[in-house]
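Remarks on the overall topology
Letter by letter, the chains look like this.
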Amino acid sequence: MIPAHSPHQHLLLGVTGGIAAYKAAELVRLLVKQGHRVQVVMTEAATHFITPTTLQALSGNPVFVDSWDQRISNGMPHIELSRKADAILVAPASADFIAKLAHGFANDLLSTLCLARECPLIVAPAMNKQMWENAATQRNIGQLQQDAITILGPDSGEQACGEVGLGRMLEPADLLEGLQTFFTPKLLAGKKILITAGATLEMLDPVRGITNISSGKMGYALAQAAMRMGAEVTLIYGHTSASRPATSQAYFASSAHDMYQSVMQSIADQDIFIAVAAVADYRPDVSSVQKIKKSEQTLTLELIKNKDILADVASLPNPPYCVGFAAETERVIDYAKQKRLAKRIPMIVANHANTAMGSDQNTVTIIDEHGEYALGTDDKINIAFKLLTHLKSQLDPR
Ligand code: CTP
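Residues numbered from 1 in each chain as written. Predicted model: local features only at pLDDT ≥ 70, side-chain atom pairs only at ≥ 80, totals over all residues. Heavy atoms only, no water.

**Focus on the nonpolar core**
Within the largest apolar cluster, 33 residues are counted, with the highest numbers of intra-cluster contacts made by Ile193, Ile195, Leu222, Ile274, Phe325, Leu388 and Leu391. At the level of elements, β8 (192-197), α9 (217-228), β11 (232-237), β13 (272-275), β16 (321-328), β17 (347-352), β18 (361-368) and α14 (380-395) are the ones that each hand at least two residues to this core. No other element matches α9, which puts seven residues into this core. Here Ile195 is in contact with Gly219, Leu222, Ala223, Val233, Thr234, Leu235, Ile236, Ile274 and Val276, once residues within four sequence places are set aside. One finds Ala25, Val40, Ala91 and Leu176 within the second-largest nonpolar core, a separate group that totals 30 residues. (Core = buried A, V, L, I, M, F, W, Y, C linked by side-chain atoms within 4.5 Å. Buried < 20%, exposed > 50% of the residue type's maximum accessible area, 1.4 Å probe, protein only. Helix = DSSP H or I, 4+ residues; strand = E, 2+ residues; numbered from the N terminus. Contact = heavy atoms within 4.5 Å.)

And the structure:
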């Protein structure tokens, strides 16, 4: 049985005083939506930017500010609150709070919790550009890194003070991604993975083309999962409206020909190739330079075969470990097995095209040289983790 991914964590979210504190509301909402338990602790300064009531309502837990809070029965909130946490995330972390952490101060509840913790500490700096660039802040950040504290961000962009530069807090969705990455075991560290995703488009004339309804979501989920698992991911993506995850490299390829070229340019020294893209099998023999005008009752298009990217990669002299996808409308397992043998690839993932396309969920079966493994129905991101975990076991059997 392949283990599921993504255990839900108990997080202590520290909010310190800075304008980015308003984004803590969205962060708490996203964390809770992902199934994490969130305990918010604020500094007194943070309460000037956002109220404890807001964060209490969103987290579903009482918010603590004061070291002398009587609500914790044994009177030791600094021990009680951090003992339960799998990690402390301070977001936003002001320059002042970062300085406190660097020097081990414990003069309010949050800094005391950080000092008394036994769990990892993750910090998301947020401040104005000059404060971030100041030698003292840089020295303090260096100290936090030496103390094995994880730093997420800051981001660059427009700041509340009107300046543009480095210092903004990462957006809540990016912080969530950073946190998920932090908690994901780095099973694929040191591996290079090339993934194709989305649909190709074969132009008939400047305004029309032949494509398909692949959403690109499964390929993107695999790229995102592989990144979290520590791989170096190159994503070659076609047409899709799904939102693209951050990867080590990413190249757009419009047609099957473009995708072929792009894959072949990137394939050297890859450890794994996962072909998820729905590549057009045929393209128009001639793509008209001008718009095709309506004239006759019928229009006949002459189509010629595209090269098979996956089969060609698999037949390279020293191919990466190749994984194909077979989205079928009938005899799913049978056809997938035939495809695996025809393309001479070690692994293929079979799914039912009608239910998978466009959906956030998928029901897949892995077929490799040892047998069939049904992964059941799950969110595409979870399917991706299960698949990559299985793949890793094939690549480096213990
Ligand atoms: N594939 C590819 N290059 C192509 C066609 C397909 O790399 N020109 C890859 C797909 O990314 C997928 C696998 O091959 O991983 C199977 O694709 P699919 O379209 O299902 O199979 P085909 O070989 O095209 O067979 P058919 O369309 O007849 O089902």
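**Re the packing of aromatic side chains**
Taken as a whole, this structure holds two aromatic pairs when the rule is applied. A ring pair is formed by Phe182 and Phe183, whose centres lie 5.3 Å apart and whose planes are at 85°; its orientation type is edge-to-face. On the basis of relative accessibility, which here comes to 22%, the residue Phe183 falls in the partly exposed class. Here the aromatic rings of Tyr237 and Phe252 are separated by 5.6 Å at their centres, their planes lie at 50°, and the arrangement is tilted. Taken together, the positions of Tyr237 in strand β11 and Phe252 in strand β12 (residues 249-252) put the pair 15 residues apart, joining distant regions of the chain. On the basis of relative accessibility, which here comes to 15%, the residue Tyr237 falls in the buried class. (Phe/Tyr/Trp six-rings, centres within 6.5 Å; stacked < 30°, edge-to-face > 60°.)

**Overview of the domain arrangement of the protein chain**
As far as domains go, the protein chain holds domain 1 (10-183) and domain 2 (192-287 + 297-395). Here domain 1 and domain 2 have C-alpha centroids that lie 39 Å from each other. (Domains from an automatic or database assignment.)

**Some thoughts on the site of the ligand**
Around the ligand, the neighbouring residues are Ala275, Ala277, Val279, Asp281, Lys307, Asp308, Ile309, Leu310, Gly324, Phe325, Lys339 and Lys343. In this structure, an oxygen atom belonging to the ligand sits 2.7 Å away from a side-chain N or O atom of Lys343. Protein burial of the ligand: of its 570 Å² of free accessible surface, 76% is covered by the chains. Those elements that place two or more of their residues in the shell around the ligand are α11 (309-314) and β16. A per-class count over the shell around the ligand returns six nonpolar, one polar and five charged. (Near = heavy atom within 4 Å. Polar contact = N/O pair within 3.5 Å; in protein donor to acceptor, adjacent residues only side chain to side chain. Areas by Shrake-Rupley, 256 points an atom, 1.4 Å probe, with all protein chains shown as cover. Nonpolar A, V, L, I, M, F, W, Y, C, P; charged D, E, K, R; others polar.)

**With respect to the packing of helix α4 (residues 95-103) against helix α5 (residues 109-116)**
Packing of α4 against α5 leaves a shortest axis separation of 10 Å and a crossing angle of 35°. For the element pair α4 and α5, the recorded crossing hand is right-handed. Counting all contacts with α4, which are made through Phe97, Lys100 and Leu101, the residues of α5 involved are Leu110, Ser111 and Cys114. (Axes fitted to C-alpha atoms, helices over the stretch in contact; angles between N-to-C directions. Left-handed = near helix turned anticlockwise from the far one by under 90°.)

**Description of the side chain of Gln9**
Mapping Gln9 onto the fold places it in the segment before β1 (10-15). Here Gln9 is in contact with His36, Arg37, Asp86 and Phe183, once residues within four sequence places are set aside.

**Things to note about a nonpolar patch on the surface**
On the surface, a cluster of nonpolar side chains totalling about 390 Å² of accessible area is made up of Tyr282, Leu299, Leu301 and Leu303. Relative to the assigned elements, Leu301 resides in the loop between β14 (282-284) and β15 (303-305). (Patch = residues over 30% accessible without salt bridge, like charges linked within 9 Å, V, L, I, M, F, W, Y side chains within 5 Å. Salt bridge = Lys/Arg side-chain N within 4 Å of Asp/Glu carboxyl O.)

**Focus: the environment of Ile366**
You can see Ile366 is positioned in strand β18. Residue class for Ile366 comes out buried when judged on its relative accessible area of 0%. Once the C-alpha coordinates of Ile366 and Ala280 are considered, the two residues, 86 residues apart in sequence, prove to be 23 Å apart.

**Remarks on the pattern of salt bridges**
This model, assessed by the stated rule, comprises 13 salt bridges. When the shortest N-O distance is used, the salt bridge between Glu171 and Lys23 registers 3.0 Å. Residue Glu171 is located in the loop between β7 (164-168) and α8 (172-183), and its partner Lys23 is located in helix α1 (residues 23-33); the two are separated by 148 residues in the primary sequence. Using a relative accessible area of 11% as the deciding quantity, one classes Lys23 as buried. Look at the salt bridges and you will find they share partners, linking Lys23, Arg168 and Glu171 into a network.

**Observations concerning the packing of α4 against helix α7 (residues 135-146)**
One way to put it is that α4 packs onto α7 with a least axis distance of 9 Å and a crossing angle of 50°. On the basis of the axis angle, α4 is oblique to α7. As for the relative orientation of α4 and α7, their crossing is left-handed in sense. Mapping the contact onto sequence places Ala95, Ile98, Ala99, Leu101, Ala102 and His103 in α4 and Thr137, Asn140, Ile141, Gln143 and Leu144 in α7. (Parallel < 35°, antiparallel > 145°, perpendicular 65-115°, else oblique.)

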